[in-house]
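Inside the fold
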Amino acid sequence: MRLARNFIYDPSLVLYLPLYKLDGSSFMDRSAYGHLCTVTGALWTPRGRNFDNVDDFISCGNPTQLQISGTTPFTMIVWFNADTLGGGNTLLAKDEGLGAVNKWWLHYRDATNGLAFHINSPANEGFYFNSTFVPSSSTWYQVALTRTGNDWTFYVDAISRNTLSSSQVMRDANANFEIGRFQGGSFWDGLIGKVWVYKNKALTPIEIQHNYLMSKRTLA
């Protein structure tokens with residue numbers, strides 16, 4: 001049992017949201033930090049929160065632990081099941097608003113690039129890291145993104161889908177960490193079951209697989 005729950009007690013874990021367990025209009029995340037998260041729409045279901053692609057999102061504020069900048073190692077993991085997939089459907093984001101330089105978001109880009117991670121550059125040109133994996137609707141997936149040094153890796157269902165070497169820095173927005181929307185639009189359509197964020201740590205392939213196998217039992 002202790003092994004199955006190690007990912008919860010990892011000291012680098014700064015956000016853990018088993019959304020299928022978290023009812024109500026607000027709740028504390030299950031990491032050691034207990035960040036207060038507030039819900040707009042995003043109805044609770046026994047398999048996660050259902051986002052309507054119109055105005056639903058969850059905000060977890062802008063605490064220090066969720067501010068990732070420079071070349072800080074990190075891991076972000078999301079379980080999702082889309083009703084429909086269109087360009088921009090957003091899973092996670094920090095965004096100061098239209099025209100702002102400092103922003104990042106994890107989203108579905110298009111039917112060629114699939115899931116993608118985007119960071120704005122100082123020139124507002126944008127950095128894209130594409131997973132090259134195109135999910136299907138009405139199917140559960142676990143997507144994980146890791147970064148350590150210049151090494152970036154996308155995983156889907158614990159399988160490495162794409163890697164990239166880049167010194168691109170993270171440009172943390174002076175904005176809330178949000179689930180399900182970007183820039184007041186680009187909303188998610190479907191279920192989001194679980195979210196993890198690790199700061200100062202890129203999970204190894206074995207740790208990603210462990211997380212996948214342990215957490216899929218309640219969703220997929």
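Reading the values: rules and limits
- Residues numbered from 1 in each chain as written.
- Predicted model: local features only at pLDDT ≥ 70, side-chain atom pairs only at ≥ 80, totals over all residues.
- Heavy atoms only, no water.
- Helix = DSSP H or I, 4+ residues; strand = E, 2+ residues; numbered from the N terminus.
- Contact = heavy atoms within 4.5 Å.
- Pairing = 2+ DSSP bridges.
- Axes fitted to C-alpha atoms, helices over the stretch in contact; angles between N-to-C directions.
- pLDDT = per-residue confidence, 0-100.
- Buried < 20%, exposed > 50% of the residue type's maximum accessible area, 1.4 Å probe, protein only.
- Arc of directions from axis to C-beta.
- Core = buried A, V, L, I, M, F, W, Y, C linked by side-chain atoms within 4.5 Å.
- Salt bridge = Lys/Arg side-chain N within 4 Å of Asp/Glu carboxyl O.
- Polar contact = N/O pair within 3.5 Å; in protein donor to acceptor, adjacent residues only side chain to side chain.
- Disulfide = S-S within 2.5 Å.

Regarding the environment of V169
Mapped onto the elements of the fold, V169 is located in the loop between β14 (159-165) and β15 (177-179). A C-alpha to C-alpha distance of 9.7 Å links V169 and F127, two positions 42 residues apart in sequence. When neighbours within four sequence positions are excluded, V169 is seen to be in contact with G70, T71 and I119.

Thoughts on the sheet that holds strand β9 (residues 103-110)
Think of a sheet as strands paired side by side through backbone hydrogen bonds, with each pair either parallel or antiparallel. What the 8 strands build is an open sheet, ordered β2-β3-β6-β15-β8-β9-β10-β11; its pairing is antiparallel. The sheet terminates laterally at β2 (26-28) and β11 (127-130), the two strands that pair on one side only. The average undirected angle you get between the axes of adjacent strands in this sheet is 25 degrees. In this sheet, strand β3 (residues 36-40) lies alongside β2 in antiparallel orientation, the contact comprising 3 bridges. Among the inter-strand pairings, F27 is bridged to a residue of β3, identified as C37.

Details of the confidence of the model for the protein chain
Summarising the model, the protein chain shows a mean pLDDT of 92, and 93% of its residues fall at 70 or more. Low pLDDT, under 50, characterises residues 1-6; the predicted model gives this stretch 3 contacts beyond four residues in sequence or across chains.

Thoughts on the environment of A111
Relative to the helices and strands, A111 resides in the loop between β9 and β10 (114-119). Overall, A111 belongs to the exposed group, its relative accessible area being 58%. For the pair A111 and T84, spaced 27 residues apart in the sequence, the C-alpha separation amounts to 12 Å.

Some words on helix α2 (residues 205-215)
Taken together, the buried positions of α2 are I208, N211, Y212 and S215. All buried residues of α2 project into a common sector of 100 degrees when viewed along the axis, lining one side.

Here we look at the nonpolar core
It is characteristic of soluble globular proteins that their nonpolar side chains tend to be buried jointly. Ranked by size, the top nonpolar core spans 43 residues in total, and within it L17, I58, L92, F117 and I179 carry the most contacts. Counting residues per element, this core draws most heavily on strand β7 (residues 74-82), which supplies 5 residues. For I58, the contacting residues outside a window of four places in its chain are L19, F27, C37, T38, V39, A42, R49, F51, F177, E178 and I179. With 16 residues, the next largest nonpolar core counts W79, A144, L191 and Y212 among its residues.

Remarks on the pattern of salt bridges
The final tally for this structure, using the stated rule, is 5 salt bridges. Linking D95 and K103 is a salt bridge whose minimum nitrogen-to-oxygen distance equals 3.6 Å. Here the residues in one salt-bridge network are D10, K201 and E207, joined through shared partners.

As for the side chain of S131
Counting through the fold element by element, S131 comes out in the loop between β11 and β12 (140-148). Here the side chain of S131 touches F133 through a polar contact of 3.0 Å, landing on its backbone nitrogen. Not counting the four nearest positions on each side in its chain, S131 is found in contact with N113, G114, L115, F154, R161 and N162.

Here's the deal with the state of the cysteines
Tallied over the entire structure, the rule returns 1 disulfide. Residue pairing for C37: its cysteine sulfur links by disulfide to C60, the two sulfurs lying 2.4 Å apart. Because the sign of the S-S torsion sets the handedness, a value of about 105 degrees for the bond joining C37 and C60 places this disulfide among the right-handed ones. Of this pair, C37 sits in strand β3 while C60 sits in the loop between β6 (57-59) and β7, and the two are 23 residues apart along the sequence. On the accessibility criterion, C37 (0% relative accessible area) is buried. By relative accessible area, C60 is classed as buried at 2%.

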